[in-house]
Every structure is written in C-alpha cells, then in structure tokens.
Amino acid sequence: MKGLTDLHMHSTASDGQYTPEQLVERAAQAGVQVLALTDHDTTAGLEEAQQAALRAGVAFIPGIEMDTEYPGISGNFHILGYGIAPEDPTLLSLCRELAQQRSQRALRIFAYLEQRKMPVSPAAVEAYAGGAAIGRPHFARAMVDAGYVATMREAFDRVLDTPEFYAIDRKKPHPGKAIQEITAAGGLAVLAHPAQLHFGPEAPDWTSLLRELKDAGLKGLECYYSTFSPQETARYCALADMLGLYVTVGSDFHGEKIKPDIQLGTGIHGSLLKAPRELPILRELEAVSASKAQASAIGKT
Ligand code: AMP
Ligand code: FE
Ligand code: FE
Ligand code: ZN
C-alpha cells in the first residue's frame, strides 16, 4: 500500500507539542511518506525537520501557515505555503513582524486574563512556549494548570475563542498579502480548513472569494481535513474542481496534549483515509524543487 500524505502539522517552533525532529519521526512511524511542516507564522523548524526527514526516508515539503484576516469574514482565515525557501528575506521579515505582533498581543492576553480573575504567570506560559512565539494554546495550558478550567477546550470555549478575546487580538494581514509573499518565496499557496470561515452579511460568496484569491495567486484548497465531514469534503472538492484549484490533505496535528483526537496522517478516526493517494499538487511541488535544485547547481558552476 502506498504511504499516507499529510501536509499540515505543527511543531514546538510554533504551538505543537513535539520538536520538528520528533514530529517527523512520529509521522514516519504512522505511515506518512510525504509530509509538510506548517508552523504558524514561522519557518524556524524547517531545517531540523528536513534533516530528520532525510534520515527517516520520507519526502519533506517545507511549509508555513499564515494567519490572515478578510473584511466581513470571521473564524480562522489561514493560508498554507508549500515549497517555500525558508530563508527568503521578505518572508522572514513578514514572520518577524508577525512575531512582534504576537508578543505585544501576549501582554494584552495577560492583562485580559487578570481582568477575568484568571491571572497566569508569564513564566508558566513562556515555559510552554519553550522559546517559540507565544500562542493561545500556551495560555490554555497554563489556565488548566492553574485550575481555572478543566480542559484546554474549555479555556477556548469560555475565554480564548470569544468575541471579548477577538477585541484584543492582533491585527493580521489580508490573505492576498500572505498569498503574494508565499508565491514570491517560491511557494504554492493553499487555503487551510475552509470550513472554519464564517461569512458575515458583507462578505463575498464562496465562489467570488476563491476567484479573488486565485487571482492573487492561490493554488489550492485543503479539502481533506481532520474535522471535516464527507459532505464538507465533497463540497470543497467540487469548488476546487470548478475553479481549477489543487486539492490538499492535512491533519493539523499539534500533539495529543493540545488536540487529543487528531492523529498524524489519518486525522480523527481515520477521517483522512479517503483522501486520494496521488495528489497532483505534489507533482508541481516536485517540479518546482527540481528546477530550484537545477538553478542552484547552475549557480554554483
Ligand atoms: P494563536 O495563533 O495564538 O491565535 O492560536 C491559534 C491556535 O489556537 C490554533 O492553531 C489552534 O491550535 C488553537 N485554537 C484556536 N481556536 C481553538 C479552539 N476553539 N479550540 C481549540 N484550539 C483552538
Ligand atoms: Fe496551532
Ligand atoms: Fe490553521
Ligand atoms: Zn494548523
């Protein structure tokens, strides 16, 4: 049987539980043969993951997941980038800017939790972040430890995924900007977990939105995602087909402590097992990396 493909996962370089090396080893053990590391707003884990993939004998695609914001649409508007050059200067400077906004937001979250009578210590949150940029899951874990909530799920439901939270959240770039940066860094841009978008009355419809993003350079849609029902997957596959976008598959694995139900490669209770084993986007990614390798070989002669 051909191995699994999983193009969406997180390491300790952002808010995942495992180091890039541990993550790649686990993915390989779970039967994943093609994987992409897609940490939030950072390329810091890619080098380590690439080396680990080489040792484990699995195909590795350097990736990123960028948080964006579109007027009239709420929810997680995330753009995945595949085959990016990790050291691309413009991408790195955008990541640095996003990291700065994150650390400023972290200060607002400490104040917000204090106001809600659930203060957490910066040391505890920083320990969970382990030197990486601080994200909401790190706060959620500290809130569980302090006994304010029983689970991370409850921390999000009651405190970190609420309208009051979004009032203090950071300002994010427009998805068109993230798509352009990813494309300029040699990558292919894909819209992550489309079912997590909530269209307000002012928002365009799905087809117009995807057309607009495609004009900006979008190449694909994450149609197979751990939490999607077969109906959701079918709907996004039909949209991708109609608009000429690649179909991708991703678990969004963060580790059992952070998202307990999600398994690498297979999703929730095997929800990703129906994904096609041959994804056309992989051929384009191979072609891109082959031509880059050729260009750098030519550059060296
Ligand atoms: P941040 O980038 O710091 O705003 O945090 C975003 C991360 O928090 C996501 O990638 C998820 O890992 C997690 N997250 C966001 N919303 C929820 C939720 N409702 N339940 C559990 N985890 C969530
Ligand atoms: Fe995350
Ligand atoms: Fe996401
Ligand atoms: Zn993700």
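Here goes a summary of the coordinates provided. Just so you know, these numbers come straight off a predicted model, no measurement behind them.

**A word on the overall build of the protein chain**
Piece 1. On a plain count of helices and strands, the protein chain comes out with 11 helices and eight strands.
Piece 2. The C-alpha radius of gyration of the protein chain comes to 19 Å, within 12% of the 19 Å expected for a compact globule of 301 residues.
Piece 3. Every one of the 301 residues in the protein chain was classed for burial, and the buried ones make up 50%.
Piece 4. Sequence-distant contacts, at least 24 apart, represent 74% of the contacts inside the protein chain between residues at least 6 apart.
Piece 5. Accessible surface for the protein chain amounts to roughly 13800 Å². Of this, 54% is attributable to carbon and sulfur atoms.
Piece 6. Here the protein chain carries 28 positive and 36 negative side-chain charges, and the mean point of each set is 0 Å from the other.

**Some words on the nonpolar core**
Piece 1. Counting 68 residues, the largest nonpolar core has Met66, Phe77, Leu191 and Leu210 as the members making the most contacts within it.
Piece 2. In contact with Phe77, other than residues within four places in its own chain, are Met66, Asp67, Thr68, Tyr70, Pro175, Leu191, Leu197, Leu209 and Leu213.
Piece 3. Phe110, Ala129, Met152 and Ala155 belong to the second largest nonpolar core, which has 23 residues in total.

**Re the site of ligand 1**
Piece 1. Surveying the vicinity of ligand 1 reveals 13 residues, the closest of which are His40, Arg102, Arg105, Arg136 and Asp161.
Piece 2. Here Asp161 contributes a side-chain N or O atom positioned 2.8 Å from a nitrogen atom of ligand 1.
Piece 3. In the model, an oxygen atom of ligand 1 is placed 3.2 Å from a nitrogen or oxygen of the His254 side chain.
Piece 4. Here ligand 1, which alone exposes 500 Å², has 88% of that area covered by the protein.
Piece 5. Looking at the shell around ligand 1, the elements with two or more residues in it are helix H3 (89-115), helix H5 (136-145) and helix H6 (152-160).

**Focus on the coordination of the zinc ion (ligand 4)**
Piece 1. Taken together, His8 (NE2), His10 (NE2), Glu65 (OE) and Asp252 (OD) make up the full set of protein donors to the zinc ion (ligand 4), lying 2.0 to 2.2 Å away.
Piece 2. Classification of the site at the zinc ion (ligand 4) rests on its four donor atoms, whose angles at the metal span 82 to 173 degrees, yielding the label irregular.
Piece 3. Binding-site remark: the zinc ion (ligand 4) is held by donors from one chain whose sequence spacing is H-x1-H-x54-E-x186-D.
Piece 4. A separation of 4.7 Å is found between the zinc ion (ligand 4) and the iron ion (ligand 2). Linking His8 in the loop between strand S1 (4-6) and helix H1 (20-29) with Glu65 in strand S3 (residues 59-70), this pair joins segments that are 57 residues apart in sequence.
Piece 5. The buried category is assigned to His8, whose relative accessible area is 0%.
Piece 6. Residue classification places Glu65 among the buried positions, given a relative accessible area of 0%.

**Things to note about H1**
Piece 1. Restricting attention to buried positions, one finds in H1 the residues Pro20, Leu23, Val24 and Ala27. Here the buried residues of H1 occupy an arc of 95 degrees about the axis, which is enough to place them on one side.
Piece 2. Looking at the buried positions of H1, the neighbouring elements they touch are strand S2 (32-37) and helix H2 (46-56).
Piece 3. Directly beyond the C-terminal end of H1, a positive phi value near 95 degrees is found at Gly31.

**Quick notes on unusual backbone geometry**
Piece 1. Of note, Asp41 is a non-glycine position whose phi angle comes to about 55 degrees, a positive value.
Piece 2. Looking at the element boundaries, Asp41 is found in the loop between S2 and H2.
Piece 3. Positive phi, close to 60 degrees, is recorded for Lys117, a residue that is not glycine.
Piece 4. On the basis of relative accessibility, which here comes to 69%, the residue Lys117 falls in the exposed class.

Rules used in this analysis
Residues numbered from 1 in each chain as written. Chains lettered and ligands numbered in written order. Predicted model: local features only at pLDDT ≥ 70, side-chain atom pairs only at ≥ 80, totals over all residues. Heavy atoms only, no water. Helix = DSSP H or I, 4+ residues; strand = E, 2+ residues; numbered from the N terminus. Rg over C-alpha atoms; globule rule 2.2 N^0.38 Å. Buried < 20%, exposed > 50% of the residue type's maximum accessible area, 1.4 Å probe, protein only. Contact = heavy atoms within 4.5 Å. Areas by Shrake-Rupley, 256 points an atom, 1.4 Å probe, with all protein chains shown as cover. Lys, Arg positive; Asp, Glu negative; His and termini not counted. Charge placed at Lys NZ, Arg CZ, Asp CG, Glu CD. Core = buried A, V, L, I, M, F, W, Y, C linked by side-chain atoms within 4.5 Å. Near = heavy atom within 4 Å. Polar contact = N/O pair within 3.5 Å; in protein donor to acceptor, adjacent residues only side chain to side chain. Donors = N, O, S within 2.8 Å, 3.2 Å for Na, K, Ca; no water. Tetrahedral: all angles 85-135°; square planar, octahedral: opposite > 155°, others 65-115°. Arc of directions from axis to C-beta.

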